[in-house]
Amino acid sequence: MSRLFGTDGVRGLANGLLTAELALSLAQAAAVVLGHDQMAEGKRPRAVIARDPRASGEFIGAAVEAGLASAGVDVYDAGVLPTPAAAYLIASLDADFGVMISASHNPAADNGIKFFARGGQKLADEVEDAIEAELKKEPHRPTGVGVGRIQRFSDAEDRYILHLLTTLPHRLDGLTVVLDCAHGAASGCSPQVFKDAGANVIVIGAEPDGLNINDGVGSTHLGPLQEAVVAHGADLGIAHDGDADRCLAVDHEGNVIDGDQIMAILALALKADGKLRDNVLVATVMSNLGLKLALREAGISIRETAVGDRYVLEAMREGDFNLGGEQSGHVIFSDYATTGDGVLTGLQLAAQVARTGRSLQQLATAMTKLPQLMINVKGVDKQRAQSDEGVREAVRRAEQELGETGRVLLRPSGTEALVRVMVEAADMDTATRICQELASVVKERLTLVA
């Protein structure tokens, strides 16, 4: 049996890979692993569960709750809320662990189960492995008073909104903000918190019907947000994905402000306030070189990680840094959250516009994005991408030509027989030429023999 847990929990086609039976069994196994300390003392562990509005989340959530309660866990059902809200509420309630039912930016037919440890922390690989190992054992089934209870977490959304409002460095009075909630988990709380913060709010993509999540809206489809911002003469727009753990933005002219630009704005603001710990931002190798150059000039260094917000989180915890994220819009403020939070990020970004009196477009000039091109070279031996001498020599030549004005990145795919070749340069013509030359070398040197 292959490993169930992927990079972000157990995810797949609802009623395909992810059945009610699997959800119930996973919950029972997780109860034993994550609730062990309480069970060892004869107590019932407590768990928070939330979901995004996918139709399948109803039966999967019910199965998870049944599995947890049957294994002796008291369940607090927070209903439809963002993933970062679930993580926050686990800590707020001092629960033993929690569960989020969501497939993030995936289509409505998919779903996922993500577990959080005490404090709302993501699970380490070895804990996920322990849950999978527990799946093979006889389920823990207490009786009588040992059976868990299920209750509604009635003030869950209010707690989360109040928490977000306490993080604001400046109110949003006078700002007009368009929110695109992706017909997802933030459809209720994001408009409410922006209104409570003082903004004039225009909302799109906030009518979830269980089937339309991420469908042509949200952070993966920015066109509707761009049009709405311009049509309403708004100051800025904020786009979430299905579970609202990420945020992308649009300026008043409809230009996209990506995760790198957002991190540049927020890192500079935190440094100016003396709140950027060790003057370090944690970002992945996919962040634009322009981010590193801009922050270096401002006295901020970047700690690079592999692609994936879990690696950003690991580096932040290890170094005790308080700001990190990805180009895709996962931004993590460890002073306020244990995971990426798109609503929190949007609020902080809007607060900088309100506090400085500068437009988002002006703030985004803090960094200049270098032209970036990526080519996926398919049908190659990805294992030799870093060791083949011909490829390494081609990369050295490219890096020598680019110097300080660009960079090269070769990344073997984690799931396919391909290598991603990415080049950044001072202009697109140079980036295109060098990227195509490197892709040709990779193809020539690493093509698999049939």
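All of the points below concern the structure found in this document. Being a predicted model, the structure only gives us computed values, none of them experimental. (Residues numbered from 1 in each chain as written. Predicted model: local features only at pLDDT ≥ 70, side-chain atom pairs only at ≥ 80, totals over all residues. Heavy atoms only, no water.)

**Things to note about the pattern of salt bridges**
Next, step 1: Tallied over the entire structure, the rule returns 32 salt bridges.
Next, step 2: Residue D8 is joined to K122 by a salt bridge in which the shortest nitrogen-to-oxygen separation is 3.4 Å. Within this pair, whereas D8 is found in the segment before β1 (10-13), its partner K122 is found in strand β6 (residues 121-122), the two being separated by 114 residues in sequence. No difference in accessibility class separates D8 from K122, as the two residues are buried.
Next, step 3: Taken together, the shared-partner salt bridges in this structure form one network comprising D8, R11, K114, K122 and D309. (Salt bridge = Lys/Arg side-chain N within 4 Å of Asp/Glu carboxyl O. Helix = DSSP H or I, 4+ residues; strand = E, 2+ residues; numbered from the N terminus. Buried < 20%, exposed > 50% of the residue type's maximum accessible area, 1.4 Å probe, protein only.)

**Re the sheet that holds strand β18 (residues 407-412)**
By definition, the strands of a sheet pair up through backbone hydrogen bonds, in either a parallel or an antiparallel sense.
Next, step 1: Pairing within the open sheet is antiparallel, and its three strands lie in the order β17-β19-β18. Each end of this open sheet is capped by a strand with a single partner; those strands are β17 (372-378) and β18. Neighbour-to-neighbour, the strand axes of the sheet open up by a mean angle of 15 degrees, direction not taken into account.
Next, step 2: Across six bridges, the pairing between β18 and strand β19 (residues 418-424) is antiparallel. Residue L409 lies in a different strand from β19, and its bridge partner there is M422.
Next, step 3: Along the sheet, helix α15 (residues 428-446) contacts β17, β18 and β19; its crossing angle with β17, the most-contacted strand, is approximately 15 degrees. (Pairing = 2+ DSSP bridges. Axes fitted to C-alpha atoms, helices over the stretch in contact; angles between N-to-C directions. Contact = heavy atoms within 4.5 Å.)

**With respect to the sheet that holds strand β15 (residues 323-325)**
Next, step 1: Pairing within the open sheet is mixed, and its four strands lie in the order β14-β13-β15-β16. Here the strands that pair on one side only, and so sit at the sheet edges, are β14 (301-305) and β16 (331-333). Strand-to-strand, the axes of this sheet are offset by a mean angle of 20 degrees, without reference to chain direction.
Next, step 2: By the bridge criterion, five bridges tie strand β13 (residues 280-284) to β14 in an arrangement that is parallel. Of the residues in β14, the one forming a bridge with L281 is I302.
Next, step 3: Of the strands in this sheet, β13, β15 and β16 are in contact with helix α9 (residues 259-272), which crosses β15 at around 175 degrees.
Next, step 4: Sitting on the sheet, helix α10 (residues 289-297) is in contact with β13 and β14, with an inclination near 150 degrees to β14.

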